[in-house]
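Residue-level structural notes
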Amino acid sequence: PRQRTGGCGVQCFVRCAEPCTNLKLAKVPANNRQGFIAVVETRGEGGYVLVPPSAHPSGNRYRWTHLDLTAAPLVTSAQLEAMLKAARALDRVGLDAPQN
């Protein structure tokens, strides 16, 4: 399942037996308070996402672009680790700290 956020982001969903935490895996430098913008992050234990037809502060709505949440595939620990490793390779800032 994949959705377009109201802010023009994209979110993809998977399920796993041992969920990870909320992580900012890939960031790009930005001239803001944090010094970066997260471009790839996870939502796991304690995290949440908005799904269609939720509204974004921009006024746009979240919408499914492929399937829906009920079709989230179950991935193995090895597959999940491979996805996390690929996402970390996109990082341009070097911070990989859990998000509280």
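Residues numbered from 1 in each chain as written. Predicted model: local features only at pLDDT ≥ 70, side-chain atom pairs only at ≥ 80, totals over all residues. Heavy atoms only, no water.

1. Remarks on the sheet that holds strand β2 (residues 10–12)
On the basis of which strands lie adjacent, the open sheet formed by three strands has the order β2-β1-β6 and antiparallel pairing. The sheet is open, and its two edges are formed by β2 and β6 (63–66), each paired on a single side. Taken pair by pair, the neighbouring strands of this sheet meet at an average axis angle of 30°, ignoring direction. Note: strand β1 (residues 2–4) against β2, three bridges, orientation antiparallel. Paired with Gln3 across the strands is Gln11, a residue of β2. (Pairing = 2+ DSSP bridges. Helix = DSSP H or I, 4+ residues; strand = E, 2+ residues; numbered from the N terminus. Axes fitted to C-alpha atoms, helices over the stretch in contact; angles between N-to-C directions.)

2. Digging into the environment of Gln79
With respect to the secondary-structure elements, Gln79 resides in helix α1 (residues 77–88). The spatial distance from the C-alpha of Gln79 to the C-alpha of Cys16 is 9.4 Å, given a sequence separation of 63 residues.

3. Examining the layout of surface pockets
Taken as a whole, the largest pocket encloses approximately 1000 Å³ of empty space. If you trace the largest pocket, you find 33 residues lining it, with Cys12, Glu41, Thr42, Arg43 and Val49 closest to the centre. Breaking the lining of the largest pocket down by element, the ones donating at least two residues are β2, β4 (24–29), β5 (36–41) and α1. It is α1 that provides the largest number of residues to the lining of the largest pocket, a total of four residues. Residue composition of the lining of the largest pocket, grouped by class: 20 nonpolar, nine polar and four charged. (1 Å grid on protein atoms, 1.4 Å probe; cavity = no way out; pocket = protein on both sides within 12 Å on 5 of 7 lines; lining within 4 Å. Points joined across faces, edges and corners; volume = space filled by probe spheres on them. Nonpolar A, V, L, I, M, F, W, Y, C, P; charged D, E, K, R; others polar.)

4. Structural notes on the environment of Asn31
By secondary structure assignment, the location of Asn31 is in the loop between β4 and β5. In this structure, the C-alpha to C-alpha distance between Asn31 and Ala86, residues 55 residues apart in sequence, is 25 Å.

In short, shape yes, function no, at least from these values alone.
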